[in-house]
Amino acid sequence: MLFSNISKEYRVKKQQASLFQDLFNRKYSEKVALKDVSFQVNKGEVVGYIGPNGAGKSTTIKIMTGILKPTQGTCRILGVDPMENRMQFVKRVGVVFGNRSNLMWDLPVIDSFNMMQKIYKIPRVDFLDNLHELVTLMNVKNFLSTPVRQLSLGQQMRCEIIVALLHSPEILFLDEPTLGLDARSKIAVHQFIKKINEEKNLTVVLTTHDMGDIEALTSRAIIIGKGSKLFDGDFSSIKDKYQQYKKVRIEINQLNQIDEVVSQIKNDFNCELMTISANEIVVGIKNDFERLIQFIVNTETIDNYQVQSLNIEEIIARYYSELDI
Ligand SMILES: Nc1ncnc2c1ncn2[C@@H]1O[C@H](COP(=O)(O)OP(=O)(O)OP(=O)(O)O)[C@@H](O)[C@H]1O
């Protein structure tokens, strides 16, 4: 899979002062969604595509699945341009958009599965084999005759993934597959994606806001911000970079003492004062950590303290801010 020097600009209509101007002299501006993004994905790989809101994740998936044409660059999926010969292309890929359903809302789940057989003209024997395997793997047997609208979000997502896999695609694209799911459902989706990748050597590209998806599914992450690729590699190297950075919560119950402690920390330590509230100071610190702990232990007005490492969301936010994004 090749995504080479891809840029995408959307044409956006500008709001004009009057309706008359709007009708007869329409003006447009360009909204840059992707800027010269390149990467390759090999067969059987699982790749996480991470970024904050508006970074360009969905635009990338839409280009890879032939829904959108890039303004510049070359996209080759399974050796072909996804915009050309769409009928052939869609038979070779599976797509799940977390915010759009391929299931028929009022009908039993099994009807949506049967419909896929007709749409993709899957031979009956292959379909039944696949269905049996996927239903067992995803543990959805008990609600095959339940109307989709009565399923929980987690059950629905498991069914969406089955729908995308019934025609045995070679690549699975997942756009925010765990959006809105509770912790248990997320784990079920992770386990399933892992299994299907291992057993069928299926290539998986998934976009996510959720760092837990990356940790559970893959070591390779591509990080995107404001349309540009910022990182492509082993996500643990980003995590390691920030591992020494600690957050220290300092509790002070004597309200009149907090200002003094704040100014001592400010003057004596190389650290970042993250938040200061009535009885708590949160400090971000890297090199001066041991000395800060000594200070805390020796300061009588400090009642309690807690040390935390950065969680993954905070690591990404820090990474973005260092790159001035
Ligand atoms: N059809 C469109 N017309 C104009 N601008 C668009 C269109 N679709 C997306 N954009 C803009 O392009 C940029 C990238 O959007 P995209 O949906 O790819 O981001 P994303 O990373 O998927 O965000 P989110 O996580 O919020 O879904 C954003 O600034 C968005 O506002």
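Residues numbered from 1 in each chain as written. Predicted model: local features only at pLDDT ≥ 70, side-chain atom pairs only at ≥ 80, totals over all residues.

Asker: Would you mind showing me how to read the sheet that holds strand β4 (residues 72–76) here?
Answerer: Picture the strands of a sheet paired through backbone hydrogen bonds; they go either parallel or antiparallel. Across the sheet, three strands lie side by side as β2-β1-β4; this open sheet has antiparallel pairing. Each edge of the open sheet is held by one strand with a lone partner, namely β2 (28–40) and β4. Adjacent strand axes in the sheet meet at a mean angle of 35° when their direction is disregarded. The pairing of strand β1 (residues 2–13) with β4 spans four bridges and is classified as antiparallel. The partner of serine 7 across the bridge, within β4, is glutamine 72. (Pairing = 2+ DSSP bridges. Helix = DSSP H or I, 4+ residues; strand = E, 2+ residues; numbered from the N terminus. Axes fitted to C-alpha atoms, helices over the stretch in contact; angles between N-to-C directions.)

Asker: Sorry, what's going on with the sheet that holds strand β9 (residues 228–234) here?
Answerer: Across the sheet, which stays open at both edges, the six strands sit in the order β5-β6-β7-β3-β8-β9 with mixed pairing between neighbours. The open sheet terminates on both sides in strands that have one partner only, identified here as β5 (93–97) and β9. Pairwise comparison of adjacent strand axes, ignoring direction, gives a mean angle of 15° for this sheet. The sheet contact formed by strand β8 (residues 220–225) and β9 spans six bridges and is antiparallel. When the sheet's bridge partners are listed, isoleucine 222 is paired in β9 with aspartate 232. Against the sheet, helix α6 (residues 153–165) engages β5 and β6 (171–175), with an angle of about 155° to β5. (Contact = placed C-beta atoms within 7 Å.)

Asker: Please explain the domain arrangement of the protein chain as it appears in this structure.
Answerer: Considered domain by domain, the protein chain is made up of domain 1 (42–66 + 74–240) and domain 2 (243–309). The C-alpha centroid of domain 2 is placed 44 Å from the C-alpha centroid of domain 1. (Domains from an automatic or database assignment.)

Asker: Explain unusual backbone geometry to me, please; I cannot follow it from the model alone.
Answerer: Negative phi values dominate among residues other than glycine, just as trans dominates among peptide bonds. With phi around 55°, leucine 78 is a residue other than glycine that occupies positive phi space. Tracing the backbone shows leucine 78 in the loop between β4 and α3 (86–90). According to the C-beta neighbour criterion, leucine 78 is partly exposed, with 15 such atoms within 10 Å. Unlike most non-glycine residues, asparagine 85 shows phi in positive territory, near 50°. Counting through the fold element by element, asparagine 85 comes out in the loop between β4 and α3. (Buried ≥ 20, exposed ≤ 12 C-beta atoms within 10 Å, placed from the backbone.)

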